[in-house]
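Residue strings, one per chain:
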Amino acid sequence: MAIYRGSKRIGKLGDVIYSSWHGRPYVRKRPATVANPQTEAQQSHRNAFAEISRLSSAMKEAHSVGLHWHAVRKKLNTHSVFKSLNKDCYGSDGIDYPRIRISHGSVTGVHIESADVNAQGIVGVKFTASPLSDGRNDEFYLYVFCPDLREGHFALPVKRSVGEVSASIPDEWKGHLLHL
């Protein structure tokens, strides 16, 4: 059904579709058929895209901070940027969490040497700053994610030069697999 708003038309009317593209009115003819291959490869791609989309929704708190300025420069939202950066992180074994990127910028990341969770629910992480970080004394956030519960948690900011950080996790996360 087409909608008229003043002189603008939006929607379908018969076999014609009215829309706008970059603020300009656009009219096209509706295709007679739509290709919808049900091949195994196409189904695999759809499943991967769906999983990354669900992960993006679960990690929204993290990527809205870590990808904000990159999304602004690209004139996109952080959800779209997250999916674009992580589209290859899903395979037959599921999501490859160590490869997931929730931030993007000119400063290089840190290398996690070790991480463990003690009985009191404290995550301890030892890391080294990248040699390419130019000895910067800036801060970064550790983000802990529980895939079983589809929840994430930020630790307080820590200076790259410190070399270790600890954060407590919620009680309901105990006994579940965590990703940093």
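A. Examining the state of the cysteines more closely. Across all of its chains, the model carries 0 disulfides by this definition. We note that C89 lacks a disulfide partner, and the nearest cysteine sulfur, in C146, lies 19 Å from it. Its relative accessible area of 4% is what places C89 among the buried residues.

B. Looking closely at the pattern of salt bridges. Tallied over the entire structure, the rule returns 5 salt bridges. Two residues, R150 and E51, come together in a salt bridge whose shortest N-O distance is 3.3 Å. Of this pair, R150 sits in the loop between strand 10 (143–146) and strand 11 (151–154) while E51 sits in helix 1 (residues 40–58), and the two are 99 residues apart along the sequence. Classification of R150 as partly exposed rests on a relative accessible area of 31%. Taking the shortest distance from any N to any O, the salt bridge between R99 and D96 comes out at 3.7 Å. The exposure class assigned to R99 is partly exposed, which follows from its relative accessible area of 45%. Linked through salt bridges whose partners overlap, the residues forming this network are E51, R54 and R150.

C. Main features of the environment of P98. Mapping P98 onto the fold places it in the loop between strand 6 (94–95) and strand 7 (110–117). For P98, a relative accessible area of 70% translates into the label exposed. Taking C-alpha positions, P98 is 7.5 Å from H179, a pair spaced 81 residues apart along the chain.

What counts as what
- Residues numbered from 1 in each chain as written.
- Predicted model: local features only at pLDDT ≥ 70, side-chain atom pairs only at ≥ 80, totals over all residues.
- Heavy atoms only, no water.
- Disulfide = S-S within 2.5 Å.
- Buried < 20%, exposed > 50% of the residue type's maximum accessible area, 1.4 Å probe, protein only.
- Salt bridge = Lys/Arg side-chain N within 4 Å of Asp/Glu carboxyl O.
- Helix = DSSP H or I, 4+ residues; strand = E, 2+ residues; numbered from the N terminus.

By themselves, these observations are geometric and do not establish any function.
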